[in-house]
Structure formats: C-alpha cells, structure tokens
Amino acid sequence: MAARDLPFFGRINDSHTHVWLGQQLKNRTARDTAIPPAGEAESLLELMDFHGVACAAIITPTTLGFDSSLTLELSRTYRDRMLPILRIDPYAIDMEVHLMKLLAKGARGFRISTNLSTDGKPLGDPAIKPLARVLSREQVPLLIHCNFDQLHLVRDLAEENPELTILIDHMARAVGEVDVADERFNNLTELADCKNVNLKISSTNHFAKDKIKHSDLIPYVVRLLSAYGEARVLWG
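Residues numbered from 1 in each chain as written. Predicted model: local features only at pLDDT ≥ 70, side-chain atom pairs only at ≥ 80, totals over all residues. Heavy atoms only, no water.

Asker: An account of the overall build of the protein is needed here, citing residue identities and associated values.
Answerer: For the protein, the helix and strand inventory stands at eight helices and eight strands. Expressed as a percentage of its 236 residues, the buried residues of the protein come to 49%. Taking contacts inside the protein between residues at least 6 apart in sequence as the whole, the part at least 24 apart equals 72%. (Helix = DSSP H or I, 4+ residues; strand = E, 2+ residues; numbered from the N terminus. Buried < 20%, exposed > 50% of the residue type's maximum accessible area, 1.4 Å probe, protein only. Contact = heavy atoms within 4.5 Å.)

Here's what the structure looks like:
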C-alpha cells in the first residue's frame, strides 16, 4: 500500500504529530517552539485550522512508553481530524491477540523505535516476525523510527515481508546528519527499491539549520522525492 492509498489522500494532512496532557511529558526536550508547552489536542487543532490541515496522524510519544490510551481517546473524540498510531512493544506476549485488541479499539497503524538502540533491535530480532506477519495480513502500516545506520535491517524486514507497508519516520534521521552525497544517505535513497517502503519527510524543524525556511534541507528532499516518488512520500 502506497501513500496514495492511505485515508484522506488529496487533502493537506500531517503524517506525524504528538499529543499529550500538560504534565505528561515533564522531561520532553524536542519540542517545536511554535507549539504551546501543553501539547494538548485543542492546541494542535488550532494550528491545523490555521494552516489548513484537514487531518493529522497522532502518534503516541516515546516518552509515554506503550501507553496509548490518550491517543485512542482523542481519535474517538476527534475522529474526523485525528488518526491514531500507537507505539507497540514488539516483545509483547501473545502478539496477535494484543494487536487485534488494539485494532478493535481503533488503531490505524503501529510504531516501533530503534533510534536509541545500538544494535537496531527489535529490527533483526525474531521477535518482530509475529508483528510483521499480523500487520501484513491486516494491511496495517508499521512505522519505524530508526537511524540511517540501521537501514539494512529495514531492508531485510521489507524483503522478508513484501505485503507489509513500512513508513520510515524522520527520513531515518539522515537528513542534515550526513552529506547529501554521502554513501550512508544513498542507503536511504536505494531503499526505495523496496516498493513496500514509504518515507516521511518529518521533523524538519529539528534537522534544519535554517530554522525559518528549512532551505538547507532542499537538496535532501529533492533526492528523496526523486527516489521514492510523490506517492510514497508523506509530510509530517
């Protein structure tokens, strides 16, 4: 499934936002200064309305662990504006039962984070196989927040599970970290060979040196769009 097949295609949609209650993220540091500290749903909706964004995927923040109760609650309250993406524990017992319960509650996608893992786990770990199998069968996307040096593990997962839709968050944190001509950036563009891999151009405010126009990221974005095509690239 490509980005073109996802819900709400054809409107301005944000593929990557986070929502939390005022005191939930006491230690959060990677916060856009334009977003009120509370990060609550009403603040997000105001920003969406101001910028003409019809719908946003709300992703359970890493800081909240695997507690996605707020994500699900808000998606029910604002079902026409917010799409719930839940962080999933790849080592959960009875993965299939666990996933099916979350899907029944309204989950529209799941996310794993490997960016802080030195060995890329759970990527490359047998534990991820039940997760990939169920999501492939149910046609539910898997979002992966990884580093660019873990992309070989993403490729392995994509090739082993050709029916699994994969979304790479934050351009694998390669943009701005390595030169656009660097071989390590080529690993990201070459991953486009796996047709079930899609890419998010997200968190540009974090990676850009030009904090107003993000113009220093243009060469990266141009290469990524050329490699993946517009139907497999999402903005967030």
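After that view, the rundown keeps rolling.
Asker: Lay out the pattern of salt bridges in plain terms, naming residues and giving numbers.
Answerer: Applying the stated criterion to the full structure yields seven salt bridges. One salt bridge in this structure joins Arg 137 and Glu 96, with 2.8 Å as the shortest N-O distance. Here Arg 137, found in helix H4 (residues 128-138), pairs with Glu 96, found in helix H3 (residues 95-104); they are 41 residues apart in sequence, far enough to count as distant. Judged by its relative accessible area of 33%, Glu 96 falls in the partly exposed class. The partner of Arg 155 in a salt bridge is Glu 159, and the shortest N-O contact between them spans 3.4 Å. With Arg 155 and Glu 159 both in helix H5 (residues 151-160) and four residues apart, the pair spans about one turn of that helix. (Salt bridge = Lys/Arg side-chain N within 4 Å of Asp/Glu carboxyl O.)

Asker: Tell me what's going on with the environment of Cys 146, and back it up with residues and numbers.
Answerer: With respect to the secondary-structure elements, Cys 146 resides in the loop between strand E5 (142-145) and H5. You can call Cys 146 buried: its relative accessible area is 0%. Remark: the alpha-carbon pair of Cys 146 and Met 171, spanning 25 residues in sequence, is separated by 8.7 Å. For Cys 146, the contacting residues outside a window of four places in its chain are Thr 114, Asn 115, Leu 151, Val 154, Ile 168, Ala 172 and Arg 173.

Asker: Please provide a residue-by-residue account of the packing of aromatic side chains, values included.
Answerer: All chains considered together, the criterion is met by one aromatic pair. Relative to Tyr 220, the ring of Phe 185 lies with its centre 5.3 Å away and its plane at 80°, an arrangement referred to as edge-to-face. You can see Phe 185 sitting in helix H6 (residues 183-190) and its partner Tyr 220 sitting in helix H8 (residues 218-228), a full 35 residues away along the chain. Both residues of the pair, Phe 185 and Tyr 220, belong to the buried class. (Phe/Tyr/Trp six-rings, centres within 6.5 Å; stacked < 30°, edge-to-face > 60°.)

Asker: Give me the packing of H6 against H8: which residues, what numbers.
Answerer: The interhelical angle for the contact between H6 and H8, taken along N-to-C directions, is 35°, at an axis separation of 9 Å. Contacts between H6 and H8 involve Phe 185, Asn 186, Leu 188 and Thr 189 on the former and, on the latter, Tyr 220, Arg 223, Leu 224, Ala 227 and Tyr 228. Its residues assigned to classes, the contact of H6 with H8 shows six nonpolar, two polar and one charged. (Axes fitted to C-alpha atoms, helices over the stretch in contact; angles between N-to-C directions. Nonpolar A, V, L, I, M, F, W, Y, C, P; charged D, E, K, R; others polar.)

Asker: Explain the side chain of Lys 200 to me, using residue names and the numbers behind them.
Answerer: Residue position: Lys 200 is located in strand E7 (residues 197-201). At 3.3 Å, the side chain of Lys 200 and the backbone oxygen of Ser 15 are in polar contact. Beyond its immediate stretch of four places on either side in the chain, Lys 200 contacts Ser 15, His 16, Ile 59, Leu 143, Leu 167, Ile 168, Asp 169, His 170, Met 171 and Leu 234. (Polar contact = N/O pair within 3.5 Å; in protein donor to acceptor, adjacent residues only side chain to side chain.)

Asker: Which residues make up the pairing of strand E3 (residues 82-87), and what values do they have?
Answerer: Burial runs high along E3: six of the six residues are buried. Burial along E3 is two-sided: Met 82, Pro 84 and Leu 86 facing one way and Leu 83, Ile 85 and Arg 87 facing the other are all buried. As defined by bridge partners, strand E2 (residues 55-59) adjoins E3 across four bridges and the pair is classed as parallel. In the strand pairing of E3, Ala 56 is matched with Met 82. (Pairing = 2+ DSSP bridges.)

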